[in-house]
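Survey of secondary and tertiary structure
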Amino acid sequence: MPQPDKTTSMREAIAEFVTDGATVSLEGFTHLIPTAAGHEIIRQGRRDLTIARMTADVVTDQLIAGDCVSRLISSFVGNSTAGSLGELRRRVEAGALAFEEYSHYGMICRYLAGAQRLPFYPLRSYAGSDVPAVNPSIRKVTSPYPAPDGGEEQIYVVPPLNPDVTIVQAQRADRSGNTQIWGLTGIQAEAVYAARKAIVVVEEVVADEVIRSDPNRTVIPAHAVDAVVACPRGAHPAFVQGYYDRDGAFYREWSQISADPQRLRGWLDEWVRGTADHAAYVAKLGEERWAELAVGEAWSEPVNYGRRL
């Protein structure tokens, strides 16, 4: 039986699944960051979003500066080894952005609870931490089981996170949404399963046979995906393992851009609102810049899955 074709454009996917006031998860750890999707959200002028991102970085800063975000749910916040996020910091300090803070593992547990439709998820790592003091959603419950010493045990729990839509970046998918990732996989699969709807943005859409030839790389199956968007170089300035490298110069530039509100507004007007789509953004960066981010080949050894004779 033929599988449904879920391919669409970035413009159409964002228009259909990202609505004003929605909770939007943008996940990808270090690489595979859905930057192009964030830019399209800005172009379409979405407002009052809650953004959930385990490592709020440049794309989060851009969405906030684009006046798209009223609430942020995150753990690490920063410009990945290159400095601060100017707009995020200004708005938090001014009380203009609600910030719900967790640890990395706290965010993972929220996605796990959301994906499994659990009422909460227990974790030990907040013991001795100041984070619960600034986040009333981190609570303690009494374990229904005796502690090793026979007494009662109090344990921290976090609530489930069920985004209205999760957007993730990946290397490739087929037209029905079977999505393959290699390198750092982060929390993408759990964030997709936790969401009501899911958009997968990929470097390339490939034939079904390519996906079937290496099934263990399928991190997100088709039944969890609502839209597939082909968007080459869609993670810039982050990297995509096997496709292009991290643009360290951009991260360093961003610290200067975001430090100046007027310069930041000018950057958004030129590079995001002033480009029709991500292909125009890619072209504007220029082939010389992309040549600097090119990566060499490092092929994985083929394996023999075997088949019935």
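So, here is what we can say about the structure in this document. Keep in mind the model is a prediction, meaning the values are calculated, not measured. Chains are numbered independently. Their residues run from 1 in the order of the written sequence. Residues qualify for local features only when their pLDDT is at least 70, as the model is predicted, and side-chain atom pairs are given and counted only at 80 or more; totals for whole chains, interfaces and linings, by contrast, use all residues. Derived side-chain values reflect all non-hydrogen atoms in the structure, with water molecules and hydrogen atoms excluded from consideration.

Next up on the list: the overall build of the protein chain. What counts as a helix is a DSSP run of H or I of at least four residues, what counts as a strand is a run of E of at least two, and both are numbered from the N terminus. Assigned secondary structure in the protein chain consists of 12 helices and 15 strands. Against the compact-globule benchmark of 19 Å for 309 residues, the protein chain has a radius of gyration of 20 Å, which places it among compact chains. Taken across its 309 residues, the protein chain has 50% of its residues classed as buried. Accessible surface, the protein chain as shown: approximately 14800 Å² in total, 50% of it carbon and sulfur. Here the protein chain holds 31 positive side-chain charges and 39 negative ones, and the gap between their average locations is 2 Å. Using C-alpha atoms as the atom set, the radius of gyration is obtained and then compared with a globule rule of 2.2 Å times the number of residues to the power 0.38. To sort residues, take the accessible area from a 1.4 Å probe on protein chains only and compare it with the maximum for the residue type: under 20% means buried, over 50% means exposed, and anything in between is partly exposed. Under the convention used here, a 1.4 Å probe and the Shrake-Rupley method define accessible areas, while residue burial counts only the protein chains that appear. Charge counting treats Lys and Arg as positive and Asp and Glu as negative, with His and both chain ends excluded. We put the charge of a Lys on NZ, of an Arg on CZ, of an Asp on CG and of a Glu on CD.

On to the environment of arginine 47, then. Mapped onto the elements, arginine 47 comes out in the loop between α2 (35–43) and β3 (49–52). A C-alpha to C-alpha distance of 26 Å links arginine 47 and valine 134, two positions 87 residues apart in sequence. Apart from residues lying up to four places away in sequence, arginine 47 is in contact with Asp20, Gly21, Gly66, Asp67 and Cys68. Contacts are assigned to residue pairs with any non-hydrogen atoms lying within 4.5 Å of each other.

What follows concerns the side chain of asparagine 79. You can see asparagine 79 is positioned in the loop between β6 (76–77) and α4 (86–93). The residues touching asparagine 79, leaving out its near neighbours within four places in the chain, are Val58, Ser84, Leu85, Tyr251, Trp254 and Ser255.

Turning to the layout of surface pockets, a few remarks are in order. Roughly 700 Å³ of internal volume is contained in the largest pocket. Here a cavity is any set of points on a 1 Å grid over the protein atoms alone where a 1.4 Å probe fits but cannot get out, and a pocket is any open set with protein on both sides within 12 Å along at least 5 of 7 lines; a residue lines the site when it has an atom within 4 Å of a point. In this structure, the largest pocket is lined by 23 residues; those nearest its centre are Trp182, Arg217, Ala298, Trp299 and Ser300. Ten residues, namely Ala, Val, Leu, Ile, Met, Phe, Trp, Tyr, Cys and Pro, are considered nonpolar, four, namely Asp, Glu, Lys and Arg, are considered charged, and the remaining ones, Gly among them, are considered polar. Looking at the lining of the largest pocket, its residues break down into 11 nonpolar, 5 polar and 7 charged. Taken as a whole, the second largest pocket spans an internal volume of roughly 220 Å³. If you trace the second largest pocket, you find 15 residues lining it, with Met10, Ala230, Cys231, Asp277 and His278 closest to the centre. Elements with a minimum of two residues in the lining of the second largest pocket: α1 (10–17), α2, β15 (227–230) and α11 (278–285). Looking at the lining of the second largest pocket residue by residue, the class counts come to 8 nonpolar, 3 polar and 4 charged. Grid points are joined across faces, edges and corners, and a volume is the space filled by probe spheres set on the points.

Quick look at the pairing of strand β11 (residues 165–173) now. In terms of residue burial, β11 counts as a mostly covered element, since 9 of its 9 residues are buried. A pair of strands is considered paired only if DSSP assigns at least 2 bridges between the two. With 4 bridges joining them, strand β2 (residues 23–27) and β11 adopt parallel strand pairing. Each residue of the ladder has a partner; that of serine 25, found in β11, is threonine 166. Strand direction decides the pairing type here: β11 and strand β13 (residues 197–205), joined by 8 bridges, are parallel. Following the sheet pairing, alanine 170 is matched in β13 by valine 202. Sheet topology places β11 next to strand β12 (residues 179–180); 2 bridges connect them, and they run antiparallel. Each bridged residue has a counterpart across the sheet, and for arginine 172 the counterpart in β12 is glutamine 180. Between β11 and β12, which pair antiparallel in sequence order, lie 5 residues; one of them, glycine 177, sits at a positive phi of approximately 110°.

So, about the packing of aromatic side chains. Two rings belonging to Phe, Tyr or Trp (six-membered ring only in the last case) form a pair when the distance between their centres is within 6.5 Å. Interplanar angles under 30 degrees mark stacking, angles over 60 mark edge-to-face geometry, and anything in between is tilted. One pass over the structure, following the stated rule, counts 8 aromatic pairs. Ring geometry for tryptophan 182 against tyrosine 243: centres 6.4 Å apart, planes inclined by 35°, an arrangement best described as tilted. On the criterion of sequence distance, the pair formed by tryptophan 182 in the loop between β12 and α7 (188–194) and tyrosine 243 in the loop between β15 and α9 (248–259) is long-range, its members being 61 residues apart. Geometrically, the ring pair formed by phenylalanine 250 and tryptophan 254 is stacked, given 6.1 Å between the ring centres and 10° between the ring planes.

Of note, the amide linkage connecting histidine 236 to proline 237 takes the cis form, showing an omega dihedral of 15°. With respect to the helices and strands, the residue proline 237 is situated in the loop between β15 and α9. In this model, threonine 30 sits at a positive phi of 75°, which is unusual for a non-glycine residue. The class for threonine 30 is partly exposed, based on a relative accessible area of 37%. In this structure, leucine 32 takes a positive phi of about 55° despite not being glycine. Here leucine 32 shows up in the loop between β2 and α2.

So yeah, pure geometry; function would need other evidence.
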